[in-house]
Amino acid sequence: MTDLVALAQILDDAARTATAISQLSKSGYDLTLAEAYAVQQLSIERRKARGERVIGVKMGFTSRAKMVQMGLAEMVWGRLTDQMKVEDGGEIDLARFVHPRVEPEIAFLLKAPLSGRVTPTEAMEAVAAIAPAVEIIDSRYQNFKFNLPDVVADNTSSSAFVVGGWHGAGTDIDNLGMVMSFEGRPVQIGSSAAILGHPARALAAASRLAHEAGFVLEAGWTVLAGGATAAEALRPGQAVQLSVQGLGQVNFSTRAG
Ligand code: OOG
Ligand code: MG
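Being a predicted model, the structure only gives us computed values, none of them experimental.

**Student:** It is not clear to me how the site of ligand 1 should be interpreted in this structure. Could you clarify?
**Tutor:** The environment of ligand 1 is made up of 17 residues, and the closest members are Phe 61, Lys 66, Glu 103, Ser 157 and Gly 227. Here an oxygen atom of ligand 1 and a side-chain polar atom of Lys 58 are 2.8 Å apart. Where the shell around ligand 1 is concerned, the elements lending two or more residues are β1 (54-60), α3 (64-70), β5 (101-110) and β6 (127-137). Per element, the largest residue contribution to the shell around ligand 1 is 3 residues, and it comes from β1. A per-class count over the shell around ligand 1 returns 7 nonpolar, 5 polar and 5 charged.

Next up, the structure:
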């Protein structure tokens, strides 16, 4: 039997020490998706034992651009902890990561618990506020290459996230222009509609997947809807901005450590 606890430790150590490892799928492990989510959970338990708190979830592969970039076509989710949160305008030390990338997202703040099969409209009833957000992803696998169980076990590459100013839950987020810039130069341009046609669908999917995994999205949690465009590699000394039509901006800068 595969030692899921040992795999969780390998991935947690890789993340903690910013050291790339071989893909599990290329190291003799042929995990089912359920086993991969169990490894993810066990690795998060290790973070919790060090004092980290789960403060939300992130959806992955909710846009075609992301699926095409990574060559995977199934939605995934991962956990967000308080340690991953960077304040708007903050600085990120790239020494913490192996090969970080950034992607433009939309964040939901929940005011009520959410779990189970809901429509996007029902999911939005649990939302207190909406904000522009960027996720910093960093695969713990060499060359940022993985299959579906690999990336799920690796907490779907989640590493850090920055959320901009919150707006009312009634804000129309149907088809908002999203421009991600480095040093004021656009590097990715997209629309919130690229996220499953409407980001509320990503929230409804998070609710369903949480239920299937046996837990509830809690009031006060943040849910990231998934990248609307392909991700861009980060380098030291960058000023990164995401501007979302009607939702304002979110910013951070990078340094080498
Ligand atoms: C996996 C995480 C995908 C998204 O927003 O689609 C993701 C990866 O691309 O490394 O976070
Ligand atoms: Mg993402």
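**Student:** Would you mind going over the coordination of the magnesium ion (ligand 2) with me for this structure?
**Tutor:** A metal bound by six donors in octahedral fashion has ideal angles of 90 or 180 degrees, whereas one bound by four tetrahedral donors has an ideal angle of 109.5 degrees. Those donors, Glu 103 (OE), Glu 105 (OE) and Glu 135 (OE), are the protein atoms that reach the magnesium ion (ligand 2), and they lie 2.0 Å from it. In the primary structure, the donors to the magnesium ion (ligand 2) are separated according to the pattern E-x1-E-x29-E. In this pair, Glu 105 sits in strand β5 while Glu 135 sits in strand β6, placing the two residues 30 residues apart along the sequence. By relative accessible area, which is 0% here, Glu 135 ends up buried.

**Student:** Just to check I follow, could you spell out the environment of Gln 249 for this structure?
**Tutor:** Topologically, Gln 249 is positioned in strand β14 (residues 248-255). According to the relative accessible area criterion, Gln 249 is partly exposed, its value standing at 40%. The sequence separation of Gln 249 and Ile 189 amounts to 60 residues, and the corresponding C-alpha distance is 14 Å. In this structure Gln 249 touches Asp 88, Pro 132, Gly 164, Gly 165, Gln 241, Leu 242 and Ser 243, once residues within four positions along its chain are discounted.

**Student:** Sorry, what's going on with the sheet that holds strand β10 (residues 185-191) here?
**Tutor:** Two pairing modes exist for strands in a sheet, parallel and antiparallel, and in both the strands are linked by backbone hydrogen bonds. Taken in spatial order, the 5 strands line up as β4-β14-β13-β9-β10 in an open sheet, and their pairing is mixed. The open sheet is flanked by β4 (91-93) and β10, the only strands paired with a single partner. Put simply, the sheet's adjacent strands are angled 20 degrees from each other on average, direction ignored. As judged from the 6 bridges shared by strand β13 (residues 239-244) and β14, these two strands associate in the antiparallel manner. What sits directly across from Gln 241, in β14, is Asn 251.

**Student:** Just to check I follow, could you spell out empty space enclosed by the protein for this structure?
**Tutor:** Summary: where empty space remains is shown by rolling a probe the size of a single water molecule over the atoms. Taken as a whole and judged by the stated rule, the model has 2 cavities of 30 Å³ or more. Lys 58, Phe 61, Lys 66, Glu 103 and Thr 156 are the residues nearest the centre of the largest cavity, which is lined by 18 residues in total. Breaking the lining of the largest cavity down by element, the ones donating at least two residues are β1, α3, β5 and β6. A per-element tally of the lining of the largest cavity places β1 first, with 3 residues. Across the lining of the largest cavity, the residue classes break down as 8 nonpolar, 5 polar and 5 charged. Of the voids in this model, the second largest cavity is the one considered here, and its volume is about 90 Å³. At the level of elements, α1 (4-17) and α2 (33-49) are the ones that each hand at least two residues to the lining of the second largest cavity. Across the lining of the second largest cavity, the residue classes tally to 4 nonpolar, 2 polar and 4 charged.

Analysis parameters
- For every chain, the first residue of the written sequence is number 1, and numbering continues from 1 along that sequence.
- Written order decides the labels, with chains lettered from A and ligands numbered from 1.
- Reporting in this predicted model follows two pLDDT cut-offs: at least 70 for local features of residues, and 80 or more for side-chain atom pairs to be given and counted; totals over whole chains, interfaces and linings ignore these cut-offs and use all residues.
- Heavy atoms throughout the structure, all of them, feed into the side-chain values; hydrogens and water do not.
- The criterion for a residue being near a molecule or strand is simple. One of its heavy atoms has to lie within 4 Å of it.
- Counted as a polar contact is a pair of N or O atoms within 3.5 Å, where, for protein atoms, one must be capable of donating a hydrogen and the other of accepting one, and residues adjacent in sequence contribute only when both atoms are in side chains.
- Numbering of helices and strands runs from the N terminus; a helix is a DSSP stretch of H or I covering at least four residues, while a strand is a stretch of E covering at least two.
- Any residue that is not Ala, Val, Leu, Ile, Met, Phe, Trp, Tyr, Cys, Pro, Asp, Glu, Lys or Arg is counted as polar, Gly included; the first ten are nonpolar and the last four charged.
- Note on donors: an N, O or S atom is included if it sits within 2.8 Å of the metal, or within 3.2 Å for Na, K and Ca, and water is never included, so sites can look incomplete.
- Residue burial is assigned from relative accessible area. The probe radius is 1.4 Å, only protein chains are included, and a residue is buried under 20% of its type maximum, exposed over 50%, and partly exposed in between.
- Contact definition: two residues touch when any of their heavy atoms are within 4.5 Å.
- Here, any two strands with at least 2 DSSP bridges between them count as paired.
- To get an axis, fit a line to the C-alpha atoms, keeping to the stretch in contact for a helix; angles then go from 0 to 180 degrees between the N-to-C directions.
- A 1.4 Å probe that fits but cannot get out identifies a cavity on a 1 Å grid over protein atoms alone, an open set with protein on both sides within 12 Å along at least five of seven lines counts as a pocket, and a residue lines either if it has an atom within 4 Å of a point.
- Grid points are joined across faces, edges and corners, and a volume is the space filled by probe spheres set on the points.

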